[in-house]
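# Working through the structure, step by step
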Amino acid sequence: MNSRQSVRAERGTKRTQTRHALKVADEVWIATVLLHREHPERSDFAVREIIDRVGRENLTGSVRGSVHVHVIQHCVANRPPNPAGYRLLLETGYGRRRLYRPGDPHHPDRRGRMVPERQNLPQPYIALLDWYESQYARPAAQKEPDPLLALRGSGRELWADEHADDYVKRLREGWA
């Protein structure tokens, strides 16, 4: 074996040693789910927040270089696939992402998975799939009704025998 061949063999060994079982897309999904659970009041997150959360979780020992492109492009359902067709995230605005929900708009060429495969997640993170399926991705019809929307139509009997505009006009009589 000449010196060039030994260098190539050594590089191949290093590449194999640095490969991680956890896919970058799954790591991005985990980080985004954790952000949603930590901040239920927020509907989406900045790309930088997701990348930082990947770093804080430190599932692979470092933030791999392709995390950024996965958050920007590869995992984003409503962007053209390039090359990955995952539907893990949704672009809600410039530099903003949230988890993808079944029924969200997506690019017609994206037919990839919406969540990691259960067997590919590290054991402590499998519960995130259950949360996603039971809480986050559940169709709106199965969720608790919005209390404000539930008031729709209440008080209708107050102006049943007159036009709504006339009713409001009558109520405002005597206002200064």
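The structure under discussion appears in the preceding block.
Computed from a predicted structure; not experimentally measured. (Residues numbered from 1 in each chain as written. Predicted model: local features only at pLDDT ≥ 70, side-chain atom pairs only at ≥ 80, totals over all residues. Heavy atoms only, no water.)

Our next topic: the packing of aromatic side chains. Applying the stated criterion across every chain, the model contains three aromatic pairs. Ring plane angle 65° and centroid distance 5.8 Å describe the contact between W29 and Y132, whose orientation is recorded as edge-to-face. Taken as a pair, W29 in helix α2 (residues 24-38) and Y132 in helix α5 (residues 126-136) lie far apart in primary sequence, 103 residues in all. Judged by its relative accessible area of 3%, Y132 is buried. By the ring-pair criterion, three or more aromatic residues cluster together here, those being W29, W131, Y132 and Y136. (Phe/Tyr/Trp six-rings, centres within 6.5 Å; stacked < 30°, edge-to-face > 60°. Helix = DSSP H or I, 4+ residues; strand = E, 2+ residues; numbered from the N terminus. Buried < 20%, exposed > 50% of the residue type's maximum accessible area, 1.4 Å probe, protein only.)

If you trace the three strands from one edge of the open sheet to the other, you get β1-β3-β2, paired in antiparallel fashion. Across the chains shown, the open sheet's two edge strands, defined by having one partner strand only, are β1 (45-46) and β2 (89-93). Bridge count for β1 against strand β3 (residues 96-99) is two bridges, and the pairing is antiparallel. Across the sheet, the residue bridging to F45 is R97, located in β3. Where α2 meets the sheet, its contacts fall on β1, β2 and β3, and the angle it forms with β3 comes to roughly 90°. (Pairing = 2+ DSSP bridges. Contact = heavy atoms within 4.5 Å. Axes fitted to C-alpha atoms, helices over the stretch in contact; angles between N-to-C directions.)

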